[in-house]
Each structure stands twice: as structure tokens, then as C-alpha cells.
Amino acid sequence: MITIDKVSKHYGNFQVLTDCSTHVNKGEVVVVCGPSGSGKSTLIKCVNGLEPFQQGDIHVNGTSVGAPKTNLSKLRAHVGMVFQHFELFPHMTIRDNLGLAQIKVLKRDKDEAAEKGMYFLDRVGLKAHAHKFPGQLSGGQQQRVAIARALAMDPICMLFDEPTSALDPEMINEVLDVMTELAQEGMTMMCVTHEMGFAKRVAHRVIFMDHGKIVEDDSKEAFFANPRSERAQQFLAKILQH
Amino acid sequence: MFGSYEFDWSSIPGSLNFLGQGLMVSLEITALAIVAGIVWGTLLAMARLSSIKPLAWAAAGYVNLFRAIPLVMVLLWFFLIVPKFLESFLGLPPGSDVRLASAMIGFALFESAYYAEIIRAGIQSVPKGQLAAAHALGMSYPQAMLHVVLPQAFRNMVPLLLTQAIILFQDTSLVYVSALADFFGAAYKVGDRDGRLVELVLFAGAVYFVLCFAASQAVRHFQKRLQGA
């Protein structure tokens, strides 16, 4: 589904990603972790072309992200993305947040878009809030709306960029529950997250990044039982202490 | 010297109709300059923020040029040059009265430079993640700007845009250089005719004050409501 092939990226002299290669199969859940500044968010943003890269290429469902001919808008319309800070549109109701791209990008008619939006809003348990504005919801609720907004586009895969790191602790689980459910239904997912519990429960594979490089790329069993690199061992020791 | 001056306001009541027409001209120029200034200013602001360098430079050049020239000079150019250009371009008979059109164009071009800067700041006040989220949903750049970024930018800018509109209304008095009977021009003409310039200019000043003060109070009220919401 997603193939990342020797991707490198730099800002001027600063190397952000070096020679990153991996793949995500259909129906697979891959968790990307690593210390802050390791390039994991940048890597996931390269997958749908939000961040350009200078070397290598990424293919999503056979379409090259790096090729200048590729219609990135068309590709992104079917690759769902969830952001750290939710990025709901604050000047629109929840209903319109869910409908906008369906209507403008997928050219669905208003009724169809509203129906689809309500279906996914119901699935994340927020149907009663359709008429509200994002500012009236809690962080956890906003992030669930953001997930519903992405799902309403009928994505072929979902990218999560630290979806719980801006949330208060008591709201993290409601978001992780939605993600877990999604994974169990067979959605292809690539998640940047520090939630190792989620990774242990849900992921098939774990990628560990450090200094812009993919240091480990292994099944979750192998990663948690026996991390090969010293850097990953240190990282796990720190993060699992709590 | 003022002690011996005797005020005579008697020429005002009979001229109210003429002065009212002048006020309409001022308001017309203001309204058109606001609309054109916002539309053209938005395009300039987007060009200035564009990653296409020549476009950004051209827009920056335009904005810096117009912001560094006194308005009265721009209006004079448009009074001297544009009417001739319009005559030949539109095939109008020589001597057609295109002063109003000319003043409006001059104003719109000048004010759009100021609006462009306000709008640029407004666009930059919208978090970058909003554009990224719109892109991630498959929206093109124009779609993302139109539906996501600009509505939020304009909401943040409303008080500044209204304040600029009040300044603009005051600036319209400068079109008197083109002998156009805007409100100030009309007042000046009446005062000149009746030898009562002092009274008429004081009267015009009072009217500008009342209108602009009332408008700025309304903006303040509006701003408070916006912050309260």
C-alpha cells in the first residue's frame, strides 16, 4: 500500500531524513516512534506530499508521490490524515467540517455528504454535537471529529501524526479507542505516536527513528522483547518506566 | 484678529442639497475603493506570500511604491494622465467627464496597497496547520484559501479593515485637487462663492468628525462583541 524508498530530505544544510525505506502493507498497522526531532513527523508528512523530499520516492497504492506529474490533491483526497492539533476548521460547524471536502473535492451532493458525515460522527460517538463549533468541544472530542472527517473521504489508508500528544491525559483513551477499532476493522494505518500501550495492543510492526534514520523496523513482538539498537533500548527504558 | 471676525452661517442652509450631493460622491468613492481595495489587496497579499519569487517581488514592489508616495500625488497623476488614457482607450469624445472614474481608480490602486498589508497579516494569523489540513483533505490551493484560510483571516481582520475604511473616507477629501465636487470640494466651492470659506471649512470638518467618530465608536463596539464571542 505504502512504499517508502530511500527517502532523504534536508532544509539547507540540515539533514532531516536520511535514506529512509520501509513499507506498509494493506491492512497493516505500523507505529512510528522515536525521540522528538528524530524526523518521524516529517516522514509521515512526506507520505501524502505535505512535506517535499529531495531524494528517493514514495508510492501510495502505486502512485508516485515524488513525481512532478502526480496530482497530489487527488492522491491526498484518499489518504486520511489526523494531526496533533486536530486542525478542525474553527469557523464551521462540525457538520460543515465533515462536509466541506466531500462536497468540494469528491463532488458529492450536500445530502449525501451530510449523511456520510453523520454516519462517521455517530461512529465516533459524537452525533449529538453536529451543530456545534469545534471550540465548543473538548480536545478529545475534536480529535475524534478529525478522525471522522478523514474517514468520510473513504480513505484507502490513514496517517496519524501524534494524534494524542496535545491531549489531556484523561482524553487520550477515547481517541486511542477509536483508532483501535479502526485497526481491528482492517484499516491500513501509519501512526506516529508515543503511546507504547497502543503499539503493543494494536500494531503489527514498529519503526524506531533517530536522527532522521530508520534505526529499527521490526514486528512489535521483536521490537518490545528485544530491541537491537542501543538507542531504541534507551528510548524504551525511558518511556516504559512509567 | 479672530475677535473682530463675524461668523455668518447663512450660506449653508441653502446649499445643503449641493453639499449632500458632494457627500454622496465621497461615499461612492469610499465604497468603491473599499471593495476594489479588498479584492485587489487580497490578490496582492496572496502574491506577496507566494512561493513564486517573481510574483512575490512584483507584489512587494507595488505595495512599497504606493505606500511611499503621498496620496495627493497619485490623485494628481490620475487627474492628469488617466482621463486622456480613458478617452483614447474607450473612444470617448474629448472633454468627457471621467474625473470620478479616474479618482476612483487612483484611490482603489492606492488603498489596495494598504489593504494588502492588512490582509497579509490576516492570512499569516491563521495557523499553518489549517492550510495543511485543507491540503490533506485533497483541496487545491485556491479551494483551501477560499474556504478555509481567507474566511478566518477576514474574521481576524474586521476591526482593522473597518478602521482603514474610516481613514479612507477622510482621505477622499483629497480628490478636491481634481476639482471634483466631493463633500469637501463642494463645501469649498460654496465657501469660495459666498466669501465664507472659514465657516464652510469648519462646517465640513464638523461633518467629517461626526461621521468618522460615530463610525469608529461603532467599530469599537463591534470589536468588543467579537472578543466577547
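Residues numbered from 1 in each chain as written. Chains lettered and ligands numbered in written order. Predicted model: local features only at pLDDT ≥ 70, side-chain atom pairs only at ≥ 80, totals over all residues. Heavy atoms only, no water.

Trainee: Talk me through the overall build of chain A; I want residue IDs and the actual numbers.
Mentor: The number of helices and strands found in chain A is 9 helices and 10 strands. Over its C-alpha atoms chain A spans a radius of gyration of 18 Å, differing by no more than 12% from the 18 Å that the globule rule assigns to 242 residues. Across its three principal directions, the C-alpha atoms of chain A cover 55 × 45 × 30 Å. Within chain A, the fraction of its 242 residues that count as buried is 56%. (Helix = DSSP H or I, 4+ residues; strand = E, 2+ residues; numbered from the N terminus. Rg over C-alpha atoms; globule rule 2.2 N^0.38 Å. Buried < 20%, exposed > 50% of the residue type's maximum accessible area, 1.4 Å probe, protein only.)

Trainee: Which residues make up the pairing of strand β9 (residues 205-210) of chain A, and what values go with them?
Mentor: Residue and element names in this part refer to chain A. Across the 6 residues of β9, 6 count as buried, placing the element largely inside the fold. Of the two faces of β9, both are covered, the one formed by Arg-205, Ile-207 and Met-209 as well as the one formed by Val-206, Phe-208 and Asp-210. Examined bridge by bridge, strand β3 (residues 29-33) and β9 share 4 bridges and lie parallel to one another. Looking at the pairing, Val-31 lines up with Val-206 of β9. Count of turn residues in the β9/strand β10 (residues 213-219) antiparallel hairpin: 2 residues, of which His-211 carries a positive phi of about 50 degrees. (Pairing = 2+ DSSP bridges.)

Trainee: How would you sum up unusual backbone geometry? Please name residues and give values.
Mentor: All names here are of chain A. The phi dihedral of Glu-162 is positive, around 45 degrees, even though this residue is not glycine. Tracing the chain through its elements places Glu-162 in the loop between β7 (157-161) and α6 (169-184). Despite not being glycine, His-211 shows a phi value in the positive range, around 50 degrees. Inspection of the secondary structure puts His-211 in the loop between β9 and β10.

Trainee: How would you sum up a negative patch on the surface? Please name residues and give values.
Mentor: Residue and element names in this part refer to chain A. Taken together, the side chains of Asp-109, Asp-111, Glu-112 and Glu-115 present a region of like negative charge at the surface. Along the chain, Glu-112 turns up in helix α4 (residues 110-123). A relative accessible area of 40% means that Glu-112 is categorised as partly exposed. (Patch = residues over 30% accessible without salt bridge, like charges linked within 9 Å, V, L, I, M, F, W, Y side chains within 5 Å. Areas by Shrake-Rupley, 256 points an atom, 1.4 Å probe, with all protein chains shown as cover. Salt bridge = Lys/Arg side-chain N within 4 Å of Asp/Glu carboxyl O. Lys, Arg positive; Asp, Glu negative; His and termini not counted. Charge placed at Lys NZ, Arg CZ, Asp CG, Glu CD.)

Trainee: Lay out the interface of chain A and chain B in plain terms, naming residues and giving numbers.
Mentor: It is common to give the size of an interface as the accessible area that goes away when the parts come together. Listed by partner, the interface residues are 21 residues for chain A and 17 residues for chain B. At the boundary of chain A with chain B, total buried surface from both sides reaches about 1500 Å², with 66% on carbon and sulfur atoms. The interface formed by chain A and chain B includes 0 salt bridges. Remark: the boundary between chain A and chain B carries 4 residue pairs in polar contact (both at pLDDT 80 or more). Where the side of chain A that touches chain B is concerned, the elements lending two or more residues are α2 (72-76), β6 (79-82) and α3 (94-104) of chain A. A total of 3 residues in the side of chain A that touches chain B trace back to one element, the largest contributor, which is α3 of chain A. For the side of chain A that touches chain B, the class distribution of residues is 13 nonpolar, 3 polar and 5 charged. (Contact = heavy atoms within 4.5 Å. Buried area = accessible area lost by both parts, 1.4 Å probe. Polar contact = N/O pair within 3.5 Å; in protein donor to acceptor, adjacent residues only side chain to side chain. Nonpolar A, V, L, I, M, F, W, Y, C, P; charged D, E, K, R; others polar.)

Trainee: Explain the pattern of salt bridges residue by residue, including any values.
Mentor: For side chains of opposite charge, pairing can occur when their charged atoms come near one another. All names here are of chain A. Here the structure, examined in full by the defined rule, presents 17 salt bridges over all chains. Salt-bridge contacts for Lys-9 lead to Glu-51; the nearest nitrogen and oxygen are separated by 3.4 Å. Linking Lys-9 in strand β1 (residues 2-11) with Glu-51 in the loop between α1 (40-47) and β4 (55-60), this pair joins segments that are 42 residues apart in sequence. Here Lys-9 matches Glu-51 in class, with each residue buried. Across the pair Glu-28 and Arg-205 runs a salt bridge, and its minimum N-O distance is 3.0 Å. One end of the pair, Glu-28, is in the loop between β2 (14-24) and β3; the other, Arg-205, is in strand β9, and 177 residues separate them in sequence. Taken individually, Glu-28 and Arg-205 each receive the classification buried, so the pair is uniform in this respect.

Trainee: Give me the lowdown on the sheet that holds strand β5 (residues 63-64) of chain A, citing residues and values where you can.
Mentor: All names here are of chain A. One open sheet accounts for 4 strands, arranged β2-β1-β4-β5; its pairing is antiparallel. Bordering the open sheet on either side are β2 and β5, each of which pairs with just one other strand. Two elements, β4 and β5, share 2 bridges in a ladder whose sense is antiparallel. When the sheet's bridge partners are listed, His-59 is paired in β5 with Ser-64.

Trainee: Any chance you could break down the sheet that holds β7 of chain A for me, citing the residues and the numbers?
Mentor: All names here are of chain A. Spatial ordering of the open sheet is given by β6-β7-β8-β3-β9-β10, a layout of 6 strands whose pairing is mixed. Of all the strands in the sheet, the pair left with one neighbour each is β6 and β10. If you compare each strand with its neighbour and ignore which way they point, the axes differ by 15 degrees on average. Against the sheet, α6 engages β3, β7 and β8 (189-192), with an angle of about 150 degrees to β8. The strands touched by helix α9 (residues 230-240) are β3, β9 and β10; relative to β9, the strand with the most contacts, the crossing angle is about 105 degrees. (Axes fitted to C-alpha atoms, helices over the stretch in contact; angles between N-to-C directions.)

Trainee: Describe the confidence of the model for chain B, and please don't skip the residues or the numbers.
Mentor: Residues and elements named next belong to chain B. Mean pLDDT over chain B stands at 88; residues scoring 70 or higher make up 96%. Between the elements of chain B, mean pLDDT differs from a low of 74, seen in helix α4 (residues 82-90), to a high of 96, seen in helix α6 (residues 128-136). For this predicted complex, the interface score ipTM comes out at 0.93, while the overall pTM is 0.85. (pLDDT = per-residue confidence, 0-100.)

Trainee: Summarise the pairing of β3 of chain A; cite the residues concerned and give the values.
Mentor: Residues and elements named next belong to chain A. Burial runs high along β3: 5 of the 5 residues are buried. Of the two faces of β3, the one lined by Val-29, Val-31 and Cys-33 and the one lined by Val-30 and Val-32 are each fully buried. One ladder, built from 4 bridges, connects β3 with β8; its direction is parallel. In the strand pairing of β8, Val-29 is matched with Met-189.

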